[in-house]
Amino acid sequence: MPRLPRLAVTATAALALALLASAPTSAGEPVVTDPRIVAHFDFAAGQTPENIALSPDGSANVTFAFARQVARVDKKGDTRILATLPAVANPNTPVIGVAAVLGITRAHDGTLYVTFATGTSETGVWRIGPDGAPPVQIAELPPDGFPNALALDEECGTLYIADSVRGTVWSVPQEGGTPTAWATGTALQPLAPPAGFGVGANGLKFHNGAVWVSNTDRQTLLRIPVRADKSAGPIETRATALMGIDDFGFTGKGDTVLAALFMDNDIALVRPDGTHEIVLTEQAGLSNPTSVAVRDKTVYVTSASFFEPVKDPNLLLATLNKGKGKG
C-alpha cells in the first residue's frame, strides 16, 4: 500500500510474529530460490508497481499506481505500456490523496480489469481490451472508498474487489454493472488511528471456491467461502501476525501462500495451518514489496519502494521448488 507510515509493533505482536516465523519447515513444502531482479522502474515518473496479473507466455501485466498506467513486462525485463487511465480533475482519494491504478486481473481472452481509486466518480473497475482499445469504466464504486486488489471468477462471471477503507468486498458482473457489497464485517475493516492507519481489506484472490483477503491493519489473511447461491459464507481467519501484509499469491492447488510484507521488505510463506516463515528478504532486492504471483515454478514480486531512502521500484523473479507437497 502506498504512503503509509511504518507500522508500530507491540511487544505481544512482535513475540507472536517471531514464534510463527520460526516454525519449522515442513517436509515437501515449497522452497523459494534464485531471486533476481529483471526490471527496474522509474519512481519519479510514478512507476510504482502495485499488482500483477500473469499472461500465458510468462509476461507480467503490472499496474503502475501513481503513473496511472498498466504495463506488460516480459521475463527478460522488457517493458511496454499497455494503457494509461485518464487524468482526474481534483482527485480526493482516501489515504493517498491522488488518483491511482491499483489491482489487476486477467481473463482468458486477454482482457484486463483494473481498479482505479480517485475520490471521484471515476472510482471503480475499468476494462482494458486485448485489442488495444482505450480503458473503459465498467462499474462505479463509492468515491469515498479505496478499491484495491481484485480477482475474477471467470466461470461465474464475477469480479471481486477489496475496498481498503470501507472494509468491504464488492462483487461486480464481469461485463460490468452495479456493484454489490458481497462481504462485510469487522474482520475486513481497517483500524482507526492510533491502532491502525485506515487500511483494511487489501490483497484479494479467488482460490478453491473461496475469496481470500488480506487485512493490512489487522495483519491477517482471511478466507470467505462462496456458497452455492454465490453469497458470502462466514469469514475465516487463516493466519495472523503478518505485519504489513499487502497482496499475496498461492503456490499451487493447495492453500499455501506467498505474501508480500511491504514494511519489512519480506516475502512470507504462509502454511495452511497459519504458521509462516520468511523466504525472501531485502537482501534479495525487495523494496517495499506489494504483490506476489506464481506461475508453475516462477515467483513474481513487485516492489514499489515507497518508503526506502534509495528508490528502486522493480520486478523480481525467483524459482519455486515445490517439493513433494501440494503447495
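The residue numbering used here restarts from 1 in each chain and proceeds along that chain's sequence as written. Residue-level local features of this predicted model are given only where pLDDT is at least 70; pairs of side-chain atoms are given and counted only at 80 or more, and the full residue set underlies all totals for whole chains, interfaces and linings. The basis for every side-chain value is the complete set of non-hydrogen atoms in the structure, without hydrogens or water.

1. Concerning the pattern of salt bridges
- Should a side-chain nitrogen of Lys or Arg be within 4 Å of a carboxyl oxygen of Asp or Glu, the pair is scored as a salt bridge. Inspection of the entire model under this criterion finds eight salt bridges.
- Asp34 is paired through a salt bridge with Arg36; the nearest N and O atoms lie 3.3 Å apart.
- When the shortest N-O distance is used, the salt bridge between Arg271 and Glu277 registers 2.9 Å.
- For Arg271, a relative accessible area of 5% translates into the label buried.
- Taken together, the shared-partner salt bridges in this structure form one network comprising Arg223, Glu236, Arg238 and Asp255. A 1.4 Å probe rolled over the protein chains alone gives each residue an accessible area, and that area as a share of the maximum for its type sets the label: buried under 20%, exposed over 50%, partly exposed in between.

2. Quick notes on the layout of surface pockets
- For each structure, a 1 Å grid was placed over the protein atoms alone; sets of points admitting a 1.4 Å probe that cannot get out are labelled cavities, open sets with protein on both sides within 12 Å along at least five of seven lines are labelled pockets, and lining residues have an atom within 4 Å of a point. Grid points are joined across faces, edges and corners, and a volume is the space filled by probe spheres set on the points. Of the volumes computed, that of the largest pocket is approximately 920 Å³.
- The wall of the largest pocket is formed by 31 residues, among which Thr105, Lys205, Phe206, Val294 and Arg295 lie closest to the centre.
- Here a strand is any run of E in DSSP of at least two residues, a helix any run of H or I of at least four, and the numbering for each starts at the N terminus. Every element with two or more residues in the lining of the largest pocket is listed here: strand 2 (49-54), strand 6 (100-106), strand 10 (147-153), strand 14 (201-207), strand 18 (245-250) and strand 22 (289-295).
- Classification convention: Asp, Glu, Lys, Arg as charged; Ala, Val, Leu, Ile, Met, Phe, Trp, Tyr, Cys, Pro as nonpolar; all other residues, Gly among them, as polar. When the residues that make up the lining of the largest pocket are grouped by side-chain class, the tally is 15 nonpolar, eight polar and eight charged.

3. Some words on unusual backbone geometry
- Cis peptide bonds are those with omega within 30 degrees of zero, and the linkage from Pro193 to Pro194 qualifies with 5 degrees.
- Within the secondary structure layout, Pro194 lies in the loop between strand 13 (180-184) and strand 14.
- Although it is not a glycine, Asn288 sits at a positive phi angle of roughly 55 degrees.
- Within the secondary structure, Asn288 is located in the loop between strand 21 (276-280) and strand 22.
- For Asn288, a relative accessible area of 0% translates into the label buried.
- Positive phi, normally seen in glycine, also occurs at Ser305, with a value near 60 degrees.
- Ser305 gets classed as buried once you look at its relative accessible area, which sits at 0%.

4. Comments concerning the nonpolar core
- In terms of nonpolar packing, the biggest core is built from 16 residues, with Val169, Trp182, Leu188, Leu204, Val211, Val213 and Ile224 touching the most fellow members.
- Listing elements by their share of this core, those giving two or more residues are strand 10, strand 11 (158-163), strand 13, strand 14, strand 15 (210-215) and strand 16 (220-225).
- In what follows, residue pairs with any heavy atoms lying within 4.5 Å of each other are defined as contacts. Not counting chain neighbours up to four residues away, the residues in contact with Ile224 comprise Val169, Trp182, Ala183, Leu188, Ala210, Val211, Val213, Ala232, Gly233, Pro234 and Ile235. Only buried Ala, Val, Leu, Ile, Met, Phe, Trp, Tyr and Cys residues count toward a nonpolar core, and they belong to the same one when joined by side-chain atoms within 4.5 Å.

5. Remarks on the environment of Phe248
- For Phe248, the position within the fold is in strand 18.
- It is 20 Å that separates the C-alpha atoms of Phe248 and Ala39, two residues lying 209 residues apart in sequence.
- Those residues in contact with Phe248 that lie beyond four places of it in its chain are Gly203, Leu204, Lys205, Trp212, Val213, Ser214, Leu221, Val257, Leu258, Ala259 and Val292.

6. Quick look at the pairing of strand 15
- With six of its six residues buried, strand 15 lies for the most part within the structure.
- Going residue by residue along strand 15, you find Ala210, Trp212 and Ser214 tucked away on one face and Val211, Val213 and Asn215 tucked away on the opposite face as well.
- Bridge count for strand 14 against strand 15 is five bridges, and the pairing is antiparallel. The residue of strand 15 that forms the bridge with Ala201 is Asn215. Strand pairing is assigned whenever DSSP identifies at least 2 bridges connecting the two strands.

7. What about the sheet that holds strand 4 (residues 69-73)?
- Strand order in the open sheet formed by four strands is 2-3-4-5, with antiparallel pairing between adjacent strands. The open sheet terminates on both sides in strands that have one partner only, identified here as strand 2 and strand 5 (79-84). Averaged over all pairs of adjacent strands, the angle between strand axes in this sheet comes to 25 degrees, irrespective of strand direction.
- In terms of strand pairing, strand 4 meets strand 5 through five bridges, oriented antiparallel. Paired with Ala71 across the strands is Ile81, a residue of strand 5. To obtain each axis, a line is fitted to C-alpha atoms, and for helices this fit is confined to the stretch in contact; angles are then taken between N-to-C directions over 0 to 180 degrees.

8. Side note on the packing of aromatic side chains
- For Phe, Tyr and Trp, rings pair up if their centres lie within 6.5 Å, where Trp contributes its six-membered ring, and each pair is then called stacked (planes under 30 degrees apart), edge-to-face (over 60) or tilted (otherwise). For the structure on display, the rule yields nine aromatic pairs.
- Ring centres of Phe248 and Phe250 lie 6.1 Å apart, and the angle between their planes is 80 degrees; this geometry places the pair in the edge-to-face category.
- Looking at Phe248, the relative accessible area reads 0%, which means it is buried.
- Since its relative accessible area comes to 12%, Phe250 is described here as buried.

Read these as geometric descriptors, not functional statements.
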